[in-house]
Amino acid sequence: MCYDAVPCRVFSCGHEKPQGQRSQVDCGSNRCRYSKNHPTGQCNNCVNTCTQWYVARVRL
Ligand SMILES: [Zn+2]
Ligand SMILES: [Zn+2]
C-alpha cells in the first residue's frame, strides 16, 4: 500500500527527529485506493476489493 516516507535522524540517546522532505511512495497497485493506478470513480466495490488504509509515516 502507499505511504509517506519520512527521513529521520536518530540520535545516540535513541530520540529521532523527522528531517528533510517527506515523499509519497506509490505502491502502483490498481487494488489500492490511494495508488495512481487505482481507477478513480470506476471502482464499484472498492470497500471490499481494495486496500482502504494508508501508512502515514515510515521511518527511513
Ligand atoms: Zn497503495
Ligand atoms: Zn477500489
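Above this note sits the structure.
None of the values given here were measured: they were computed from a predicted structure.

Asks: Explanation requested: the overall build of the chain in the structure shown.
Replies: In terms of helices and strands, the chain carries one helix and five strands. In terms of C-alpha radius of gyration, the chain reaches 15 Å, well past the compact-globule figure of 10 Å for 60 residues. On the principal axes, the C-alpha backbone points of the chain span a range of 50 × 20 × 15 Å. Here the chain holds 60 residues, and the buried ones make up 2% of them. For the chain, contacts bridging at least 24 residues in sequence account for 39% of all contacts bridging at least 6.

Asks: Even after reading the chapter, I still don't get the environment of aspartate 26, so can you show me in this structure?
Replies: Among the secondary structure elements, aspartate 26 is positioned in the loop between strand S4 (23-25) and helix H1 (46-49). The exposure class of aspartate 26 is partly exposed, given the 14 C-beta atoms found within 10 Å. C-alpha separation for the pair aspartate 26 and lysine 36, spaced 10 residues apart in sequence, amounts to 7.1 Å. In contact with aspartate 26, other than residues within four places in its own chain, are Cys2, Ser35 and Lys36.

Calculation rules
Residues numbered from 1 in each chain as written. Chains lettered and ligands numbered in written order. Predicted model: local features only at pLDDT ≥ 70, side-chain atom pairs only at ≥ 80, totals over all residues. Helix = DSSP H or I, 4+ residues; strand = E, 2+ residues; numbered from the N terminus. Rg over C-alpha atoms; globule rule 2.2 N^0.38 Å. Buried ≥ 20, exposed ≤ 12 C-beta atoms within 10 Å, placed from the backbone. Contact = placed C-beta atoms within 7 Å.

The quantities given are spatial measurements derived from coordinates; they are silent on function.
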